[in-house]
Amino acid sequence: MTYGVRLARPDELDVLPAIEQAADIRFEGTPYADLVASYPTTEVEEFADSQDRWGLWVAVDPADRPVGFAHCRA
């Protein structure tokens, strides 16, 4: 399977918190689990602010659906 990376679109922001929560689960049972659990899930408004500043990238599956993201905070 081939994935792509591109800037996030405004219509995709609502799915990013669920992707973030799914990623957090991957840390369960690791030395980083408590650190990851201590951070709240990012609010859609914060994603929107980053997207407005070109600081939000998504990894997309072959159907162009977001499956991951990189969130650059200023």
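Quick look at the structure, then. Everything quoted here is computed from the prediction, not taken from an experiment.

Focus: a nonpolar patch on the surface
And step 1. Together, Phe27, Tyr32, Leu35 and Tyr39 give the surface a local cluster of nonpolar side chains, amounting to about 460 Å² of exposed area.
And step 2. Inspection of the secondary structure puts Tyr39 in the loop between helix H2 (33-37) and helix H3 (44-52).

Things to note about the pairing of strand E3 (residues 66-71)
And step 1. When strand E2 (residues 56-60) meets E3, the two strands line up antiparallel, connected through five bridges. Residue pairing in the sheet places Trp57 in a bridge with Ala70 of E3.
And step 2. As consecutive antiparallel partners, E2 and E3 are separated by five residues, and within that stretch Asp64 has a phi angle of approximately 65 degrees, a positive value.

Thoughts on the layout of surface pockets
And step 1. Empty space within the largest pocket amounts to approximately 240 Å³.
And step 2. The wall of the largest pocket is formed by Glu20, Asp24, Phe27, Val36, Tyr39, Pro40, Thr42, Phe69, His71 and Arg73.
And step 3. Listing elements by their share of the lining of the largest pocket, those giving two or more residues are helix H1 (16-25) and E3.
And step 4. Across the lining of the largest pocket, the residue classes tally to five nonpolar, two polar and three charged.

Here we look at the packing of aromatic side chains
And step 1. For the coordinates displayed, the defined rule picks out one aromatic pair.
And step 2. Here the aromatic rings of Phe47 and Phe69 are separated by 5.1 Å at their centres, their planes lie at 80 degrees, and the arrangement is edge-to-face. One end of the pair, Phe47, is in helix H3; the other, Phe69, is in strand E3, with 22 residues separating them in the sequence.
And step 3. The buried category is assigned to Phe47, whose relative accessible area is 0%.

Here we look at H3
And step 1. Residues Phe47, Ser50 and Gln51 constitute the buried set of H3. When H3 is viewed along its axis, its buried side chains cluster within an angular range of 100 degrees and face the same direction. Pointing more than 90 degrees away from the buried face of H3 are the exposed residues Glu45 and Asp52.
And step 2. Of the surrounding elements, those touching the buried residues of H3 are H1, E2 and E3.

About the criteria used
- Residues numbered from 1 in each chain as written.
- Predicted model: local features only at pLDDT ≥ 70, side-chain atom pairs only at ≥ 80, totals over all residues.
- Heavy atoms only, no water.
- Patch = residues over 30% accessible without salt bridge, like charges linked within 9 Å, V, L, I, M, F, W, Y side chains within 5 Å.
- Areas by Shrake-Rupley, 256 points an atom, 1.4 Å probe, with all protein chains shown as cover.
- Salt bridge = Lys/Arg side-chain N within 4 Å of Asp/Glu carboxyl O.
- Helix = DSSP H or I, 4+ residues; strand = E, 2+ residues; numbered from the N terminus.
- Pairing = 2+ DSSP bridges.
- 1 Å grid on protein atoms, 1.4 Å probe; cavity = no way out; pocket = protein on both sides within 12 Å on 5 of 7 lines; lining within 4 Å.
- Points joined across faces, edges and corners; volume = space filled by probe spheres on them.
- Nonpolar A, V, L, I, M, F, W, Y, C, P; charged D, E, K, R; others polar.
- Phe/Tyr/Trp six-rings, centres within 6.5 Å; stacked < 30°, edge-to-face > 60°.
- Buried < 20%, exposed > 50% of the residue type's maximum accessible area, 1.4 Å probe, protein only.
- Arc of directions from axis to C-beta.
- Contact = heavy atoms within 4.5 Å.

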